[in-house]
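Listed below, chain by chain, are the residues.
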Amino acid sequence: MTRPQLSEARRVRAAELFGQGHSNAEIAWMLGVSDESVRRWKRVWEKNGADALRWRPATGRPPKLDDARVERVRTALEQGAQAHGFEADPWTLERVGLVVERVTGVVLSRASVWRLLTGRLGRSPRRPERRAVERDESEIARWIAHE
């Protein structure tokens with residue numbers, strides 16, 4: 001079960017226990033939740049019934065980018081930064097923000113670009129691997145083979 005499903009199952013079980021006449025403290029102990037959660041659920045249950053304790057989609061402002069636009073951004077990012085006129089290939093939040101604006105016409109803040117990358121696109125931050133300028137791969141291979 002996912003976390004939201006588990007939470008809903010707890011609330012529904014609490015509603016059943018309310019109907020059976022159990023005290024708030026008993027319900028909290030049986031379900032492993034705080035007394036305050038049980039009191040809050042009971043107020044909702046008394047006012048609106050057991051269905052009010054079921055899962056509901058999150059409210060709030062819808063995302064600026066719908067799924068089709070996110071896929072266009074994904075495709076653009078897969079082409080690499082140089083394909084969009086940047087000198088080097090690493091992506092930065094500023095660069096991704098510019099590409100999002102070019103591809104979709106939507107301006108996003110740095111925080112929104114971060115949420116887009118890590119949440120909806122499933123990307124994680126990467127840093128370029130640092131290597132010494134003096135590094136000699138052939139000398140390293142020789143050392144490994146002989147030493």
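## Topic: the overall build of the protein chain
Item 1. Along its length, the protein chain carries seven helices and zero strands.
Item 2. If you list the helices and strands of the protein chain from N to C, you get α-α-α-α-α-α-α.
Item 3. Taking 15 Å as the expected radius of gyration for a compact globule of 147 residues, we find that the protein chain reaches 26 Å, considerably beyond that expectation.
Item 4. Burial status across the protein chain gives 25% buried among its 147 residues.
Item 5. For the protein chain, the share of sequence-separated contacts (at least 6 apart) that also reach a separation of at least 24 residues comes to 42%.
Item 6. When the accessible surface of the protein chain is summed, it comes to about 11100 Å², and 51% of that surface belongs to carbon and sulfur atoms.

## Some points on the packing of aromatic side chains
Item 1. Under the defined criterion, the tally for this structure stands at two aromatic pairs.
Item 2. When the ring of F18 is compared with that of W45, the centres are 5.1 Å apart and the planes differ by 40°; the resulting orientation is tilted. Of this pair, F18 sits in helix α1 (residues 3-19) while W45 sits in helix α3 (residues 35-48), placing them 27 residues apart in sequence.
Item 3. According to the relative accessible area criterion, F18 is buried, its value standing at 6%.
Item 4. Taking the relative accessible area as the measure of exposure, W45 reaches 23% and is therefore partly exposed.
Item 5. Considering the side-chain rings of F86 and W91, the 6.2 Å spacing of their centres and the 75° angle between planes classify their relative orientation as edge-to-face.
Item 6. Judged by its relative accessible area of 15%, F86 falls in the buried class.
Item 7. Exposure remark for W91: the relative accessible area of 23% places this residue in the partly exposed category.

Reading guide: rules and limits
Residues numbered from 1 in each chain as written. Predicted model: local features only at pLDDT ≥ 70, side-chain atom pairs only at ≥ 80, totals over all residues. Heavy atoms only, no water. Helix = DSSP H or I, 4+ residues; strand = E, 2+ residues; numbered from the N terminus. Rg over C-alpha atoms; globule rule 2.2 N^0.38 Å. Buried < 20%, exposed > 50% of the residue type's maximum accessible area, 1.4 Å probe, protein only. Contact = heavy atoms within 4.5 Å. Areas by Shrake-Rupley, 256 points an atom, 1.4 Å probe, with all protein chains shown as cover. Phe/Tyr/Trp six-rings, centres within 6.5 Å; stacked < 30°, edge-to-face > 60°.

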